[in-house]
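Here is how the chains run, residue by residue.
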Amino acid sequence: MDKILCLIHDDGNYYHFEGSHKTIPTKLANESLNYFVISEFNNKKNIELFEGDLRDNWPESDVICHFYTKSINQSFFNSHDTKSSDFKDWVNEAKELFQTGELQKVVLSAIKKIPWKAEPEKIIYAFRQLIHQNPEAFACLIFSEIFGIWIGLSPEFLVRLENGFITSMSLAGTREVREDNWTSEEVWGYKELEEQAIVTKYIEDFLIKKGTKGLRISGPYTFRNGLIEHLRTDFSGQLPSYRRNEILLHALELHPTPAVCGTPVEISKNFILTHEKHTRELFTGFWGFVSSKITKLYVNIRCFKVLPEEVLLYAGAGITPLSNSDEEWLEIRRKMRVSASVLQRT
(Lines give C-alpha, C1' and ligand atoms only; values in the text may rest on other atoms or scores of the structure.)
Protein backbone atom coordinates (compact mmCIF):
# COMPACT_ATOMS: atom_id res chain seq x y z
CA MET A 1 0.00 0.00 0.00
CA ASP A 2 1.36 3.43 -0.97
CA LYS A 3 2.47 5.39 2.09
CA ILE A 4 3.07 9.07 2.73
CA LEU A 5 4.88 11.11 5.37
CA CYS A 6 4.15 14.84 5.56
CA LEU A 7 6.10 17.28 7.69
CA ILE A 8 3.99 20.39 8.25
CA HIS A 9 4.47 23.88 9.65
CA ASP A 10 1.23 25.82 10.02
CA ASP A 11 0.25 28.78 12.21
CA GLY A 12 3.55 28.51 14.06
CA ASN A 13 3.04 24.85 14.94
CA TYR A 14 4.84 21.70 13.80
CA TYR A 15 2.92 18.56 12.81
CA HIS A 16 3.43 15.40 10.89
CA PHE A 17 1.01 13.17 9.07
CA GLU A 18 1.67 9.53 8.34
CA GLY A 19 -0.85 7.61 6.28
CA SER A 20 -1.79 5.27 3.45
CA HIS A 21 -3.29 6.00 0.06
CA LYS A 22 -6.99 5.30 -0.24
CA THR A 23 -8.57 4.61 -3.61
CA ILE A 24 -12.03 5.82 -2.68
CA PRO A 25 -14.13 8.55 -4.30
CA THR A 26 -13.87 11.92 -2.57
CA LYS A 27 -17.61 11.96 -1.95
CA LEU A 28 -17.32 8.74 0.09
CA ALA A 29 -14.51 9.88 2.41
CA ASN A 30 -15.27 8.87 5.99
CA GLU A 31 -16.37 11.88 8.05
CA SER A 32 -14.72 10.57 11.22
CA LEU A 33 -11.23 9.91 9.82
CA ASN A 34 -8.23 12.17 9.20
CA TYR A 35 -6.88 12.70 5.70
CA PHE A 36 -4.06 14.44 3.93
CA VAL A 37 -5.29 15.45 0.49
CA ILE A 38 -3.31 16.19 -2.68
CA SER A 39 -4.68 17.44 -5.97
CA GLU A 40 -2.51 18.17 -8.99
CA PHE A 41 -3.02 21.20 -11.25
CA ASN A 42 -4.44 19.02 -14.01
CA ASN A 43 -6.39 16.88 -11.58
CA LYS A 44 -9.29 15.89 -13.85
CA LYS A 45 -11.43 16.66 -10.81
CA ASN A 46 -9.83 14.03 -8.58
CA ILE A 47 -8.25 14.25 -5.14
CA GLU A 48 -5.73 11.76 -3.80
CA LEU A 49 -6.68 10.85 -0.24
CA PHE A 50 -4.25 9.52 2.37
CA GLU A 51 -5.83 8.20 5.53
CA GLY A 52 -3.83 8.41 8.75
CA ASP A 53 -3.03 10.43 11.83
CA LEU A 54 -2.08 14.08 12.26
CA ARG A 55 0.32 14.33 15.20
CA ASP A 56 2.20 17.09 16.95
CA ASN A 57 5.88 17.70 16.18
CA TRP A 58 8.01 15.99 13.53
CA PRO A 59 9.01 12.31 13.70
CA GLU A 60 12.41 10.89 14.60
CA SER A 61 15.15 10.88 11.96
CA ASP A 62 14.94 7.12 11.42
CA VAL A 63 11.30 7.45 10.35
CA ILE A 64 12.20 10.26 7.94
CA CYS A 65 15.09 8.22 6.50
CA HIS A 66 12.78 5.24 5.98
CA PHE A 67 10.29 7.31 3.98
CA TYR A 68 13.11 9.04 2.11
CA THR A 69 14.41 5.69 0.90
CA LYS A 70 10.93 4.64 -0.21
CA SER A 71 10.24 7.92 -2.01
CA ILE A 72 13.45 9.12 -3.64
CA ASN A 73 13.32 6.54 -6.42
CA GLN A 74 9.85 7.81 -7.36
CA SER A 75 11.26 11.28 -7.94
CA PHE A 76 12.00 11.66 -11.62
CA PHE A 77 11.30 14.20 -14.33
CA ASN A 78 12.15 14.05 -18.03
CA SER A 79 11.44 17.59 -19.24
CA HIS A 80 14.09 20.18 -20.08
CA ASP A 81 14.44 23.63 -18.53
CA THR A 82 12.02 26.16 -19.93
CA LYS A 83 13.69 28.39 -22.52
CA SER A 84 13.16 32.12 -22.25
CA SER A 85 12.34 32.24 -25.97
CA ASP A 86 9.58 29.64 -25.55
CA PHE A 87 8.09 31.42 -22.56
CA LYS A 88 8.07 34.78 -24.34
CA ASP A 89 6.44 33.18 -27.38
CA TRP A 90 3.67 31.82 -25.14
CA VAL A 91 3.13 35.29 -23.68
CA ASN A 92 2.85 36.84 -27.13
CA GLU A 93 0.44 34.13 -28.32
CA ALA A 94 -1.71 34.74 -25.25
CA LYS A 95 -1.77 38.47 -26.01
CA GLU A 96 -3.19 37.69 -29.45
CA LEU A 97 -6.08 35.87 -27.74
CA PHE A 98 -6.58 38.82 -25.40
CA GLN A 99 -7.16 41.00 -28.46
CA THR A 100 -9.87 38.65 -29.77
CA GLY A 101 -11.54 38.51 -26.35
CA GLU A 102 -11.06 34.75 -25.96
CA LEU A 103 -8.80 35.22 -22.93
CA GLN A 104 -8.59 37.80 -20.16
CA LYS A 105 -5.71 36.28 -18.21
CA VAL A 106 -3.51 33.19 -18.25
CA VAL A 107 -0.90 32.05 -15.74
CA LEU A 108 2.17 30.61 -17.44
CA SER A 109 4.87 28.66 -15.65
CA ALA A 110 8.46 27.60 -16.17
CA ILE A 111 10.82 25.01 -14.70
CA LYS A 112 14.54 24.91 -13.99
CA LYS A 113 16.75 22.13 -12.68
CA ILE A 114 19.70 22.90 -10.44
CA PRO A 115 22.34 20.38 -9.32
CA TRP A 116 21.73 19.26 -5.74
CA LYS A 117 22.63 15.90 -4.21
CA ALA A 118 19.62 14.70 -2.20
CA GLU A 119 20.19 13.53 1.37
CA PRO A 120 17.62 13.35 4.19
CA GLU A 121 19.54 15.79 6.42
CA LYS A 122 19.95 18.32 3.60
CA ILE A 123 16.26 18.15 2.71
CA ILE A 124 15.21 18.78 6.31
CA TYR A 125 17.68 21.65 6.63
CA ALA A 126 16.41 23.29 3.43
CA PHE A 127 12.84 22.88 4.66
CA ARG A 128 13.70 24.55 7.96
CA GLN A 129 15.34 27.41 6.06
CA LEU A 130 12.17 27.86 4.03
CA ILE A 131 10.11 28.04 7.23
CA HIS A 132 12.57 30.52 8.73
CA GLN A 133 12.19 32.78 5.69
CA ASN A 134 8.38 32.47 5.73
CA PRO A 135 7.23 31.81 9.31
CA GLU A 136 3.62 32.86 8.65
CA ALA A 137 3.02 30.62 5.61
CA PHE A 138 1.90 27.02 5.39
CA ALA A 139 4.93 24.83 4.65
CA CYS A 140 4.90 21.16 3.78
CA LEU A 141 7.45 18.48 2.95
CA ILE A 142 6.10 15.20 1.63
CA PHE A 143 7.76 11.83 1.13
CA SER A 144 5.40 9.84 -1.09
CA GLU A 145 5.65 6.56 -2.94
CA ILE A 146 3.27 8.05 -5.51
CA PHE A 147 4.52 11.62 -5.95
CA GLY A 148 8.13 11.43 -4.79
CA ILE A 149 9.61 14.16 -2.56
CA TRP A 150 8.25 17.71 -2.63
CA ILE A 151 8.85 20.82 -0.58
CA GLY A 152 6.14 23.44 -0.82
CA LEU A 153 5.16 26.73 0.70
CA SER A 154 1.96 28.69 0.42
CA PRO A 155 0.50 31.81 2.00
CA GLU A 156 -2.67 31.15 -0.01
CA PHE A 157 -5.39 28.90 1.34
CA LEU A 158 -7.97 27.69 -1.13
CA VAL A 159 -10.50 26.71 1.52
CA ARG A 160 -10.41 26.74 5.29
CA LEU A 161 -13.38 25.37 7.23
CA GLU A 162 -13.97 25.30 10.96
CA ASN A 163 -17.37 24.91 12.66
CA GLY A 164 -19.14 25.72 9.41
CA PHE A 165 -17.21 28.98 9.03
CA ILE A 166 -15.46 29.13 5.67
CA THR A 167 -12.61 31.42 4.67
CA SER A 168 -10.81 31.83 1.38
CA MET A 169 -8.61 34.42 -0.29
CA SER A 170 -7.61 35.84 -3.62
CA LEU A 171 -3.88 36.36 -3.99
CA ALA A 172 -2.37 37.88 -7.11
CA GLY A 173 0.16 40.48 -8.16
CA THR A 174 3.79 40.06 -7.15
CA ARG A 175 6.71 42.31 -6.28
CA GLU A 176 9.90 41.88 -4.29
CA VAL A 177 10.25 43.38 -0.84
CA ARG A 178 12.44 46.48 -0.92
CA GLU A 179 16.07 46.10 0.07
CA ASP A 180 15.50 48.20 3.20
CA ASN A 181 13.01 45.47 4.30
CA TRP A 182 10.14 47.95 4.47
CA THR A 183 6.67 46.73 3.51
CA SER A 184 5.02 49.66 1.80
CA GLU A 185 1.52 50.64 0.87
CA GLU A 186 2.75 52.37 -2.25
CA VAL A 187 0.36 52.24 -5.18
CA TRP A 188 0.33 49.02 -7.18
CA GLY A 189 0.35 49.14 -10.96
CA TYR A 190 -2.85 48.81 -12.95
CA LYS A 191 -1.73 45.45 -14.34
CA GLU A 192 -1.42 43.93 -10.83
CA LEU A 193 -4.69 45.49 -9.65
CA GLU A 194 -6.52 44.14 -12.68
CA GLU A 195 -4.99 40.68 -12.24
CA GLN A 196 -6.04 40.53 -8.59
CA ALA A 197 -9.56 41.84 -9.32
CA ILE A 198 -10.15 38.95 -11.75
CA VAL A 199 -9.35 36.40 -9.04
CA THR A 200 -11.45 38.23 -6.45
CA LYS A 201 -14.52 38.28 -8.71
CA TYR A 202 -14.17 34.57 -9.46
CA ILE A 203 -14.04 33.53 -5.79
CA GLU A 204 -16.82 35.94 -4.78
CA ASP A 205 -19.12 34.53 -7.49
CA PHE A 206 -18.33 30.98 -6.40
CA LEU A 207 -19.10 31.61 -2.72
CA ILE A 208 -22.36 33.37 -3.60
CA LYS A 209 -23.34 30.44 -5.83
CA LYS A 210 -22.78 28.05 -2.91
CA GLY A 211 -25.18 30.05 -0.73
CA THR A 212 -22.57 31.46 1.66
CA LYS A 213 -24.35 33.43 4.38
CA GLY A 214 -22.99 36.67 5.80
CA LEU A 215 -20.26 36.86 3.17
CA ARG A 216 -17.63 39.39 4.18
CA ILE A 217 -14.96 40.65 1.78
CA SER A 218 -11.96 42.72 2.88
CA GLY A 219 -9.24 44.03 0.63
CA PRO A 220 -7.31 44.27 -1.50
CA TYR A 221 -4.31 45.03 0.68
CA THR A 222 -0.56 44.49 0.50
CA PHE A 223 0.43 41.15 1.99
CA ARG A 224 4.02 40.16 2.66
CA ASN A 225 5.20 36.58 2.25
CA GLY A 226 8.87 36.33 3.13
CA LEU A 227 10.79 38.25 0.47
CA ILE A 228 7.75 38.80 -1.77
CA GLU A 229 4.62 40.95 -1.56
CA HIS A 230 1.21 40.22 -3.07
CA LEU A 231 -2.19 41.83 -3.31
CA ARG A 232 -4.68 39.96 -1.14
CA THR A 233 -8.44 39.98 -0.53
CA ASP A 234 -10.05 37.89 2.22
CA PHE A 235 -13.45 36.16 2.18
CA SER A 236 -15.39 34.71 5.10
CA GLY A 237 -18.89 33.46 5.76
CA GLN A 238 -21.12 30.61 6.85
CA LEU A 239 -21.93 27.69 4.58
CA PRO A 240 -25.50 26.30 4.59
CA SER A 241 -24.01 22.79 4.76
CA TYR A 242 -20.51 21.92 5.83
CA ARG A 243 -20.03 18.18 5.65
CA ARG A 244 -16.38 17.52 4.92
CA ASN A 245 -17.11 15.59 1.74
CA GLU A 246 -18.97 18.56 0.36
CA ILE A 247 -16.04 20.86 1.15
CA LEU A 248 -13.65 18.61 -0.77
CA LEU A 249 -16.02 18.66 -3.73
CA HIS A 250 -16.32 22.45 -3.43
CA ALA A 251 -12.52 22.69 -3.49
CA LEU A 252 -12.37 20.61 -6.67
CA GLU A 253 -14.96 22.85 -8.27
CA LEU A 254 -13.23 26.06 -7.17
CA HIS A 255 -9.77 24.93 -8.27
CA PRO A 256 -7.97 26.03 -10.36
CA THR A 257 -8.78 29.68 -9.73
CA PRO A 258 -7.62 32.47 -12.05
CA ALA A 259 -4.75 33.03 -9.58
CA VAL A 260 -2.96 29.92 -10.91
CA CYS A 261 -4.74 29.29 -14.20
CA GLY A 262 -6.45 32.29 -15.79
CA THR A 263 -9.87 33.30 -17.05
CA PRO A 264 -12.02 31.96 -18.53
CA VAL A 265 -10.72 29.01 -16.56
CA GLU A 266 -11.26 26.21 -19.08
CA ILE A 267 -9.86 28.18 -22.03
CA SER A 268 -6.82 29.31 -20.07
CA LYS A 269 -6.23 25.80 -18.74
CA ASN A 270 -6.35 24.40 -22.26
CA PHE A 271 -3.85 27.08 -23.37
CA ILE A 272 -1.51 26.05 -20.54
CA LEU A 273 -1.73 22.34 -21.29
CA THR A 274 -1.21 22.98 -25.00
CA HIS A 275 1.78 25.31 -24.70
CA GLU A 276 3.77 24.41 -21.58
CA LYS A 277 6.23 21.64 -22.41
CA HIS A 278 6.42 20.40 -18.81
CA THR A 279 3.82 18.88 -16.55
CA ARG A 280 3.08 20.98 -13.47
CA GLU A 281 2.34 17.95 -11.27
CA LEU A 282 1.80 19.36 -7.75
CA PHE A 283 2.78 22.93 -8.66
CA THR A 284 -0.36 25.14 -8.56
CA GLY A 285 -2.39 22.19 -7.35
CA PHE A 286 -3.59 22.12 -3.76
CA TRP A 287 -2.88 20.09 -0.67
CA GLY A 288 -3.67 20.12 3.02
CA PHE A 289 -5.26 18.19 5.83
CA VAL A 290 -8.76 17.29 6.85
CA SER A 291 -9.38 16.39 10.48
CA SER A 292 -12.50 15.98 12.56
CA LYS A 293 -12.18 19.61 13.71
CA ILE A 294 -10.81 21.59 10.78
CA THR A 295 -10.15 21.50 7.05
CA LYS A 296 -7.23 23.48 5.60
CA LEU A 297 -6.45 23.28 1.89
CA TYR A 298 -3.64 25.41 0.45
CA VAL A 299 -2.69 26.30 -3.11
CA ASN A 300 0.82 25.04 -3.82
CA ILE A 301 2.23 28.20 -5.40
CA ARG A 302 5.89 27.97 -4.38
CA CYS A 303 7.48 24.55 -4.48
CA PHE A 304 10.20 22.32 -5.79
CA LYS A 305 10.58 18.63 -6.42
CA VAL A 306 13.60 16.83 -5.02
CA LEU A 307 15.29 14.47 -7.46
CA PRO A 308 18.21 12.19 -6.59
CA GLU A 309 20.84 14.53 -8.10
CA GLU A 310 18.86 17.70 -8.81
CA VAL A 311 16.08 19.93 -7.59
CA LEU A 312 13.33 20.98 -9.96
CA LEU A 313 12.16 24.57 -9.42
CA TYR A 314 8.77 25.86 -10.55
CA ALA A 315 7.51 29.41 -10.90
CA GLY A 316 4.61 31.13 -12.64
CA ALA A 317 3.50 34.58 -13.75
CA GLY A 318 0.06 36.02 -14.44
CA ILE A 319 -0.25 37.25 -18.01
CA THR A 320 -2.78 39.96 -18.90
CA PRO A 321 -3.18 42.33 -21.88
CA LEU A 322 -0.77 44.74 -20.15
CA SER A 323 1.99 42.16 -19.75
CA ASN A 324 5.44 42.58 -21.23
CA SER A 325 7.10 39.26 -22.10
CA ASP A 326 10.56 40.39 -20.97
CA GLU A 327 9.25 41.63 -17.62
CA GLU A 328 7.23 38.45 -17.03
CA TRP A 329 10.31 36.30 -17.68
CA LEU A 330 12.25 38.41 -15.18
CA GLU A 331 9.49 37.80 -12.62
CA ILE A 332 9.80 34.05 -13.20
CA ARG A 333 13.55 34.23 -12.64
CA ARG A 334 13.15 36.32 -9.49
CA LYS A 335 10.75 33.78 -7.99
CA MET A 336 13.09 30.92 -8.82
CA ARG A 337 16.00 32.79 -7.25
CA VAL A 338 14.03 33.18 -4.02
CA SER A 339 13.19 29.46 -3.99
CA ALA A 340 16.76 28.43 -4.73
CA SER A 341 18.12 30.56 -1.88
CA VAL A 342 17.16 27.94 0.74
CA LEU A 343 19.10 25.27 -1.17
CA GLN A 344 22.28 27.31 -1.45
CA ARG A 345 22.69 27.28 2.32
CA THR A 346 22.82 23.49 2.55
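See above for the structure.
Residues numbered from 1 in each chain as written. Predicted model: local features only at pLDDT ≥ 70, side-chain atom pairs only at ≥ 80, totals over all residues. Heavy atoms only, no water.

J.: Explain the pattern of salt bridges here, please?
T.: Proximity of charged atoms lets side chains of opposite charge pair with each other. One pass over the structure, following the stated rule, counts 18 salt bridges. For E195, the salt bridge goes to K105, with nearest N and O atoms at 3.6 Å. One end of the pair, E195, is in helix 4 (residues 190-209); the other, K105, is in strand 5 (residues 105-115), with 90 residues separating them in the sequence. Grouping residues by exposure puts E195 and K105 together as buried. In this structure, the salt-bridge partner of E309 is K117, at a minimum N-O distance of 3.0 Å. Of the two residues, E309 is situated in the loop between strand 15 (302-306) and strand 16 (310-319) and K117 in the loop between strand 5 and helix 3 (120-133); the sequence distance between them amounts to 192 residues. Taken together, the salt bridges that share partners define one network made up of D10, D11, R160 and K296. (Salt bridge = Lys/Arg side-chain N within 4 Å of Asp/Glu carboxyl O. Helix = DSSP H or I, 4+ residues; strand = E, 2+ residues; numbered from the N terminus. Buried < 20%, exposed > 50% of the residue type's maximum accessible area, 1.4 Å probe, protein only.)

J.: Is there a simple way to think about the nonpolar core in this case?
T.: A general feature of soluble globular proteins is that nonpolar side chains tend to end up buried together. Within the largest apolar cluster, 50 residues are counted, with the highest numbers of intra-cluster contacts made by L7, V106, L108, I123, L141, F143 and L343. Here the element with the most residues in this core is helix 3; it accounts for six residues. Among residues more than four places away in sequence, those in contact with L108 are F87, W90, V91, F271, I272, E276, R280, A315, G316, A317, I319 and I332. Judged by nonpolar contacts, the second largest core, of 28 residues, contains I4, C6, I142 and F157. (Core = buried A, V, L, I, M, F, W, Y, C linked by side-chain atoms within 4.5 Å. Contact = heavy atoms within 4.5 Å.)

J.: Which parts of the structure should I look at to understand empty space enclosed by the protein?
T.: A probe as big as a water molecule, rolled over the atoms, marks out the empty space that is left. Under the counting rule described, the total for this entry stands at three cavities of 30 Å³ or more. Considering the residues around the largest cavity, the lining is formed by 25 residues, among which T174, H230, I301, G316 and K335 are closest to the centre. Secondary-structure elements contributing two or more residues to the lining of the largest cavity are strand 9 (165-176), strand 11 (228-238), strand 16 and helix 7 (325-340). Ranked by the residues each element gives to the lining of the largest cavity, the list is headed by strand 16, at five residues. In terms of lining residues, the second largest cavity is bounded by T174, R175, E176, I228, E331, R334, K335 and V338. (1 Å grid on protein atoms, 1.4 Å probe; cavity = no way out; pocket = protein on both sides within 12 Å on 5 of 7 lines; lining within 4 Å. Points joined across faces, edges and corners; volume = space filled by probe spheres on them.)

J.: Just to check I follow, could you spell out helix 3 for this structure?
T.: Given 3.6 residues per helical turn, the α-helix brings residues three or four places apart onto the same face. End to end, helix 3 covers 20 Å across 14 residues, agreeing with the expected 20 Å (1.5 Å per residue, within 8%). Along helix 3, the positions that sit buried rather than exposed are P120, I123, I124, A126, F127, Q129, L130, I131 and Q133. (Expected span 1.5 Å × (residues − 1).)

J.: How do you make sense of the packing of helix 2 (residues 84-100) against helix 7 when you look at a structure like this?
T.: Pairs of packed helices are described in terms of their axes, by the angle between the two and the distance that separates them. Running from N to C, helix 2 and helix 7 point in directions that differ by 125°, and their axes come no closer than 9 Å. For the element pair helix 2 / helix 7, the angle class is oblique. Handedness of the helix 2/helix 7 crossing: right-handed. Between helix 2 and helix 7, the contacting residues are S84, F87, K88, V91 and N92 on the first element and S325, D326, E328, W329 and I332 on the second. A class-by-class count of the residues in the contact of helix 2 with helix 7 yields four nonpolar, three polar and three charged. (Axes fitted to C-alpha atoms, helices over the stretch in contact; angles between N-to-C directions. Parallel < 35°, antiparallel > 145°, perpendicular 65-115°, else oblique. Left-handed = near helix turned anticlockwise from the far one by under 90°. Nonpolar A, V, L, I, M, F, W, Y, C, P; charged D, E, K, R; others polar.)

J.: Whenever I open this one, the side chain of K191 confuses me. Can you help?
T.: Along the polypeptide, K191 turns up in helix 4. When residues no more than four places from it in sequence are discounted, the contact partners of K191 are G318, T320, L322, S323 and E328.

J.: What should I look at first to understand the pairing of strand 7 (residues 148-154) in this one?
T.: For a regular strand, side chains alternate in direction, first toward one face of the sheet and then toward the other. With seven of seven residues buried, strand 7 lies mostly within the body of the structure. In this structure, strand 6 (residues 138-144) lies alongside strand 7, joined through seven bridges in antiparallel fashion. Note on strand 7: the bridge partner recorded for A139 is L153. Between strand 6 and strand 7, which pair antiparallel in sequence order, lie three residues. Where strand 7 and strand 15 come together, five bridges link them in antiparallel fashion. Across the sheet, residue I149 finds its bridge partner in strand 15, namely V306. (Pairing = 2+ DSSP bridges.)

J.: Can you help me understand the environment of N324 in this one?
T.: One can find N324 in the loop between strand 16 and helix 7. We classify N324 as partly exposed; its relative accessible area is 33%. Considering only alpha carbons, one finds N324 and V338, 14 residues apart in sequence, at a separation of 21 Å. Polar side-chain contacts of N324 include one of 2.9 Å to the backbone nitrogen of D326. (Polar contact = N/O pair within 3.5 Å; in protein donor to acceptor, adjacent residues only side chain to side chain.)

J.: Whenever I open this one, unusual backbone geometry confuses me. Can you help?
T.: What is expected of a backbone is that most residues other than glycine have negative phi and most peptide bonds are trans. Here the amide bond leading from G219 into P220 is cis, since omega sits at 5°, within 30 degrees of zero. The residue P220 is located in strand 10 (residues 213-225) in this model. The step from T263 to P264 runs through a cis peptide bond, and the omega angle for that step is -10°. Looking at the element boundaries, P264 is found in the loop between strand 12 (262-263) and helix 6 (265-275). Even without a glycine there, the phi angle at N163 is positive, about 55°. For T284, which is not a glycine, the phi torsion comes out positive at approximately 65°. One can find T284 in the loop between helix 6 and strand 13 (286-290). When its relative accessible area of 3% is taken as the criterion, T284 is described as buried.

So, to be careful, I would describe these as geometric facts and stop short of saying anything about function.
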